[in-house]
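A closer look at the structure
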Amino acid sequence: MFRSDILDDERADRLDQRGNPGPNDFVRPPIIEGVNVSRTETATAASAGVCGVAGSFALAGRTPEFVAAPASALVVDLTPGVVTTVAIRGLGDWGHRLAFGVALALTAGVLVGVALGAVRLGGRSEVPYTSVAAGGGAGWLLALAATGAPKASLAVAGPMAAVLAVGERGWAVGREGRRSRVSTSRRKAIAALGAVAGFAGFSAYRGADITGVEPGPVADVTDEETQREAEDLLGRADEQSLGVSGLAGLVTPTDEFYEVDVNNVNPNPSDGKWDLSVTGEVEQEVTFDFEELTELNVENRFVTLRCVGESLNGEKMDTAVWTGVPVADLLDEASPEDSGTCCVLVRAVDGYYQEFPLGALEDAFLAVGMNGRRLPRGHGYPARLLVPGHWGEINVKWVSEIEVLDEKRQGYWEKRGWHGTGPVNTVAKLHAVNRLGEASGGTTTMQVAGHAYAGTRGIRKVEISTDAGETWTEADLSDPLPGEDVWRQWRYEWTAESGDHEVVVRATDGEGSLQPEEFAQPFPSGATGWVSRTVEV
Ligand SMILES: Nc1nc2c(c(=O)[nH]1)N[C@H]1C(S)=C(S)[C@@H](COP(=O)(O)O)O[C@H]1N2
Ligand SMILES: [Mo]
């Protein structure tokens, strides 16, 4: 018999002497100060905590209303730069998952503590459902404090209260069915574990689908003409794509566009609550709300983005048709001081910030739309910066403030050792290898293809070697799309003898500079080198 069972009996005896407990009276394992709490209590509290987090995720998903969102931001914040860098390089997205897992565990831990306190309180109280009221109430308050969202916090409190209620109920029923004590409690434990796991699974599935905003057509915030133009440009990109099997097009579909965020939980600002200020070394500080922003000159642009952290032949380089306004129009209204200014610090709603030259910002674009629809939350809804030719990291999403500075400061990634605020490195990637058919004399027609990008320098040519760099031939290039910062596709076909072929590819930018051959890891200044691949024929 467990200690709590004996105590149960004693307590039941006491109750009996006071009068027969009615069907609504519950007998709970009492608590002795300083002595371990019973297993039932711990299990109840643990289930309540887990279900609180799960309930919240089912309702809020990865939005700021999720109860673990603050813990997630804290984990990211407290993780030292070296670890972030190593985690991103070594673990990739698994680093993110790990940090998110830690945040979930921390949050669940706090809720379990709250639930445990509630269960203990309930154990001392003669009033039924004390633990339910205390645990549910405290869970709600805590979630409210963490997220500031009273309604969404009910999704924490509700499941916690339900579990605590089952806990109280369970003890009472357990006492009644004392004859088959062991098997009953084991069966109950298994059922409870199954229920908690089932609920957590359901929540993980439900919450994963919650994106926060459903991006409508860009015409909603601009006009029909802008919408039509964006669609025309998408059509043009489609036509100009080389149409190589296994090779992505010239425009990346929005849901396939790579995404890099420092946080696991992205902001979810609404148009009404969002604004952008230009501050610092300016003649006049100005603030634009979303409506004022879209009243400026709206246009569509092709822009390619590439993350400094991606591997040489990686997948974090994509292109979209963006709808937005030139940043120069915003800056003009603030009039940065003529002398003494060097740069800007751009801040975002998620706590992210980057510093870079004022000159780069003057050519920048503030996007509100992507591929004909409004920005999805993951890409910076309601507005994000696009800085031509620079690494992805200064293309600040959910942008909230542009501070003009008179001296340099370090941005988020630079504090962590990266040098990713400058122009991108030139790269030609190799992503498609196709066997087109048998040619004469046992040879095979082979096709290789990929994308090439050099930021605002543009791509002049892409060369291919099929003999490990001995000899080089020019590849076909897709016709350039309008815009100053757009990638191109390349394609090459040749007749190959059977055997292994070392294919190497390199680009020359619009200024005539050849892509450097020397290999470098992405950290700290972006990958360099020529992409090569052994093609088996
Ligand atoms: N506010 C904010 N902006 C951000 C980031 C971020 O984490 N927060 N990540 C940056 C990085 S490192 C890159 S590469 C690009 C990626 O943009 P995308 O997610 O739209 O592809 O956004 C940049 N802008
Ligand atoms: Mo990045």
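Residues numbered from 1 in each chain as written. Chains lettered and ligands numbered in written order. Predicted model: local features only at pLDDT ≥ 70, side-chain atom pairs only at ≥ 80, totals over all residues. Heavy atoms only, no water.

Looking at the overall build of the protein
- Secondary structure assignment for the protein yields 12 helices and 19 strands.
- Buried positions account for 51% of the 537 residues belonging to the protein.
- Within the protein, contacts between residues separated by at least 24 positions form 75% of all contacts whose residues are at least 6 apart in sequence.
- Carbon and sulfur atoms form 52% of the exposed surface of the protein, whose accessible area is close to 24,700 Å². (Helix = DSSP H or I, 4+ residues; strand = E, 2+ residues; numbered from the N terminus. Buried < 20%, exposed > 50% of the residue type's maximum accessible area, 1.4 Å probe, protein only. Contact = heavy atoms within 4.5 Å. Areas by Shrake-Rupley, 256 points an atom, 1.4 Å probe, with all protein chains shown as cover.)

Quick word on the site of ligand 1
- The full set close to ligand 1 counts 20 residues, and Tyr-258, Val-262, His-379, Arg-384 and Lys-397 are the nearest of them.
- The contact in question runs from an oxygen atom of ligand 1 to an N or O atom on the backbone of Tyr-258, over 2.6 Å.
- Take Asn-395: an N or O atom from its main chain is 3.1 Å from a nitrogen atom of ligand 1.
- For ligand 1, whose unbound accessible area comes to 530 Å², protein coverage reaches 99%.
- Of the residues assigned to the shell around ligand 1, the class counts are 11 nonpolar, 3 polar and 6 charged. (Near = heavy atom within 4 Å. Polar contact = N/O pair within 3.5 Å; in protein donor to acceptor, adjacent residues only side chain to side chain. Nonpolar A, V, L, I, M, F, W, Y, C, P; charged D, E, K, R; others polar.)

As for a negative patch on the surface
- A grouping of Asp-275, Asp-289, Glu-291, Glu-292, Glu-295, Asp-332, Glu-333, Glu-362, Asp-363 and Glu-484 is seen on the molecular surface, where their side chains present a negatively charged patch.
- Mapped by element, the contributors of at least two residues to the negative patch are helix 10 (290–294) and helix 11 (327–334).
- Secondary-structure assignment places Glu-333 in helix 11. (Patch = residues over 30% accessible without salt bridge, like charges linked within 9 Å, V, L, I, M, F, W, Y side chains within 5 Å. Salt bridge = Lys/Arg side-chain N within 4 Å of Asp/Glu carboxyl O. Lys, Arg positive; Asp, Glu negative; His and termini not counted. Charge placed at Lys NZ, Arg CZ, Asp CG, Glu CD.)

Section: the sheet that holds strand 10 (residues 399–405)
- Judged by pairing direction, the sheet is mixed, and its 5 strands sit side by side in the order 2-1-10-5-6 without closing on themselves. Edge strands, defined here as strands with exactly one partner in the open sheet, are strand 2 (286–289) and strand 6 (353–357). Taking each pair of neighbouring strands and ignoring which way they run, the sheet shows an average axis angle of 15°.
- Against the sheet, helix 11 contacts strand 1 (275–280), strand 2 and strand 10, and its axis sits at roughly 140° relative to strand 2. (Pairing = 2+ DSSP bridges. Axes fitted to C-alpha atoms, helices over the stretch in contact; angles between N-to-C directions.)

Here we look at the packing of aromatic side chains
- Under the criterion given, the structure shown has 13 aromatic pairs.
- Ring geometry for Trp-418 versus Phe-523: centroids 4.9 Å apart, planes at 90°, classification edge-to-face. Linking Trp-418 in the loop between strand 10 and strand 11 (427–428) with Phe-523 in the loop between strand 18 (500–509) and strand 19 (531–536), this pair joins segments that are 105 residues apart in sequence.
- The class of Phe-523 is partly exposed, set by a relative accessible area of 28%.
- Ring geometry for Tyr-492 and Trp-494: centres 6.0 Å apart, planes at 20°, overall stacked. Here Tyr-492 and Trp-494 have matching classes, each one buried.
- Seen from the ring of Phe-100, Arg-62 lies directly overhead, with NZ or CZ sitting 4.0 Å from the centre. (Phe/Tyr/Trp six-rings, centres within 6.5 Å; stacked < 30°, edge-to-face > 60°. Lys NZ or Arg CZ within 6 Å of the ring centre and 35° of its normal.)

Focus: the pairing of strand 14 (residues 459–465)
- Of all 7 residues in strand 14, 5 are buried, a share of seventy percent or more.
- Pairing geometry for strand 14 and strand 18, over 6 bridges, is antiparallel. Each residue of the ladder has a partner; that of Ser-465, found in strand 18, is Val-504.
- Pairing of strand 14 with strand 15 (residues 473–474), which is carried by 2 bridges, proceeds in the antiparallel orientation. Considered in strand 15, the bridge of Glu-463 is made with Glu-474.

Notes on unusual backbone geometry
- The step from Tyr-381 to Pro-382 runs through a cis peptide bond, and the omega angle for that step is 5°.
- As for its position among the elements, Pro-382 is in the loop between strand 8 (373–374) and strand 9 (384–386).
- The phi dihedral of Trp-398 is positive, around 45°, even though this residue is not glycine.
- By the element assignment, Trp-398 lies in the loop between strand 9 and strand 10.
- We classify Trp-398 as buried; its relative accessible area is 2%.
- Backbone geometry places Ala-468, a non-glycine residue, at a positive phi of 60°.
- Here Ala-468 shows up in the loop between strand 14 and strand 15.

Side note on the nonpolar core
- Counting 81 residues, the largest nonpolar core has Leu-293, Phe-356, Leu-361, Leu-366, Val-462 and Trp-490 as its most contacted members.
- In this structure, Val-462 is in contact with Ala-428, Ala-452, Thr-473, Glu-474, Ala-475, Leu-477, Trp-490, Val-505, Arg-506 and Ala-507, ignoring residues within four places of it in sequence. (Core = buried A, V, L, I, M, F, W, Y, C linked by side-chain atoms within 4.5 Å.)

Considering the side chain of Thr-63
- Structurally, the position occupied by Thr-63 is in the loop between helix 2 (39–60) and helix 3 (69–78).
- Engagement of the side chain of Thr-63 in a polar contact is seen with the backbone oxygen of Ala-60, the distance being 2.9 Å.

A closer look at the sheet that holds strand 15
- Taken together, 4 strands build an open sheet; the order of strands is 15-14-18-19 and the sheet is antiparallel. A strand with exactly one partner marks an edge of an open sheet, and here the two such strands are strand 15 and strand 19.

Focus on helix 2
- An ideal rise of 1.5 Å per residue puts 32 Å on 22 residues; helix 2 measures up with 31 Å between its terminal C-alpha atoms.
- A positive backbone phi angle near 55° is found at Gly-61, which sits one or two residues after helix 2. (Expected span 1.5 Å × (residues − 1).)

Quick word on helix 6 (residues 130–147)
- The end-to-end C-alpha distance of helix 6 is 25 Å, a good match for the 26 Å that 18 residues give at a rise of 1.5 Å each.
- Every buried residue of helix 6 is accounted for by Thr-130, Ser-131, Val-132, Gly-135, Gly-136, Gly-139, Ala-143 and Thr-147.
- In the stretch just after helix 6, Gly-148 is the one whose phi turns positive, near 70°.

Observations regarding the state of the cysteines
- A complete count under the given rule lists 1 disulfide for this structure.
- Covalent S-S linkage joins Cys-342 and Cys-343, the inter-sulfur distance amounting to 2.1 Å. (Disulfide = S-S within 2.5 Å.)

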